[in-house]
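Commentary on secondary and tertiary structure
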Amino acid sequence: MRLDRFLSETTPLTRSLAKRALKNGEVELNGKAIKQAATQIDPESDRVTWQGEPLALIGLRYVMLHKPLDVECSARRGLYPRVVDLIDLPKAERLQPVGRLDVDTTGLLLLTDDGQWAHRITSPKHRCAKVYHATLASPLEGPAAQRAEEQVAQGLLLEGEEAPTKPATLNMLTPTTAELTITEGRYHQVKRMFAALGNRVESLHRVSIGELTLDATLAPGEWRELTADEIALF
Ligand code: URA
């Protein structure tokens, strides 16, 4: 790997700032100052330091975030802060949300730079269950609740779509609090499913993904890295 690329992967420096750091004599390779950006290094065996700090490539990372309101999953800077802006890790912008939550949805969001792991969670083929708690605008109880649970179990036709949703599970916790478990991730799926039932979601919170439940010790906006056992769940 080229030395300037290695520096841009392992420090906050961009490639051009890495070249400047090299010119300024801030970088040492195996104990000797080095200035040539094109020098080839072996990240496994060569010892590179920047301003005296040893550097190592960043491995794959897996993060659980309690997504707060008014933060968006998009990678682009827009109206709201981005979820990656909450993650205080080097090169956090390389982390991708594993399935997006709307700006007004809270709860469990996973982020990673491991595309295959993310795919096992998001691909409908893997039927990974995602559990949401929704507060509804209109109470749903008695026979109407039972009918809604049956319709959700059979699949609902969402507006503008031709294929019904995959069988899902609706469980009314109170007349206005619904627990919905789905295995797909269509655009605004939960809100559109309740719209198809003639209701409206007032607030939405994701509780769990597969066997992984949002850590109750994480306040909105807080995050932690997953343990090896948690990573191995998917
Ligand atoms: N379904 C929605 O409607 N919104 C979300 O944020 C997630 C699932």
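Use the structure listed above.
Scope of this entry: the structure provided in the associated data block. (Residues numbered from 1 in each chain as written. Predicted model: local features only at pLDDT ≥ 70, side-chain atom pairs only at ≥ 80, totals over all residues. Heavy atoms only, no water.)

1. Things to note about the environment of Arg100
Take Arg100: it is sitting in the loop between strand 6 (96–97) and strand 7 (105–112). For the pair Arg100 and Ser74, spaced 26 residues apart in sequence, the C-alpha separation works out to 8.1 Å. Filtering out sequence-adjacent residues up to four positions away, Arg100 remains in contact with Cys73 and Ser74. (Helix = DSSP H or I, 4+ residues; strand = E, 2+ residues; numbered from the N terminus. Contact = heavy atoms within 4.5 Å.)

2. Focus: the site of the ligand
Around the ligand, the surrounding shell consists of Leu101, Asp102, Thr105, Tyr132, His188, Gln189, Val190, Lys191 and Leu204. Measuring from an oxygen atom of the ligand, one finds a backbone N or O atom of His188 at 3.2 Å. The contact in question runs from a nitrogen atom of the ligand to an N or O atom on the backbone of Val190, over 3.1 Å. Its atoms largely coinciding with the cavity grid, the ligand occupies the largest pocket. If you tally residues by element for the shell around the ligand, the top one is helix 5 (residues 189–196), at three residues. Split into classes, the residues belonging to the shell around the ligand amount to four nonpolar, three polar and two charged. (Near = heavy atom within 4 Å. Polar contact = N/O pair within 3.5 Å; in protein donor to acceptor, adjacent residues only side chain to side chain. 1 Å grid on protein atoms, 1.4 Å probe; cavity = no way out; pocket = protein on both sides within 12 Å on 5 of 7 lines; lining within 4 Å. Sits in = over half its atoms within 2 Å of the grid points. Nonpolar A, V, L, I, M, F, W, Y, C, P; charged D, E, K, R; others polar.)

3. Observations concerning the nonpolar core
Counting residues in each nonpolar core, the largest one holds 33 residues, and the members touching the most others are Ile87, Leu111, Leu136, Leu170, Leu180, Met193 and Phe194. Those elements giving two or more residues to this core turn out to be strand 5 (62–67), strand 7, strand 8 (130–136), helix 4 (142–154), strand 9 (169–174), strand 10 (177–182), helix 5 and strand 11 (201–209). Among all residues touching Leu170, those that are not within four sequence positions of it are Ala148, Glu149, Val152, Ala178, Glu179, Leu180 and Phe194. (Core = buried A, V, L, I, M, F, W, Y, C linked by side-chain atoms within 4.5 Å. Buried < 20%, exposed > 50% of the residue type's maximum accessible area, 1.4 Å probe, protein only.)

4. Remarks on the packing of helix 1 (residues 3–10) against helix 2 (residues 15–23)
Across the interface, helix 1 lies against helix 2 with an axial gap of 8 Å and an inter-helix angle of 115 degrees. Relative to helix 2, helix 1 is oriented roughly perpendicular. Our pair here, helix 1 against helix 2, has a crossing hand that is right-handed. Where helix 1 approaches helix 2, its residues Leu3, Asp4, Arg5, Leu7 and Ser8 are matched on the opposing element by Arg15, Ala18, Lys19 and Leu22. Split into classes, the residues belonging to the contact of helix 1 with helix 2 amount to four nonpolar, one polar and four charged. (Axes fitted to C-alpha atoms, helices over the stretch in contact; angles between N-to-C directions. Parallel < 35°, antiparallel > 145°, perpendicular 65-115°, else oblique. Left-handed = near helix turned anticlockwise from the far one by under 90°.)

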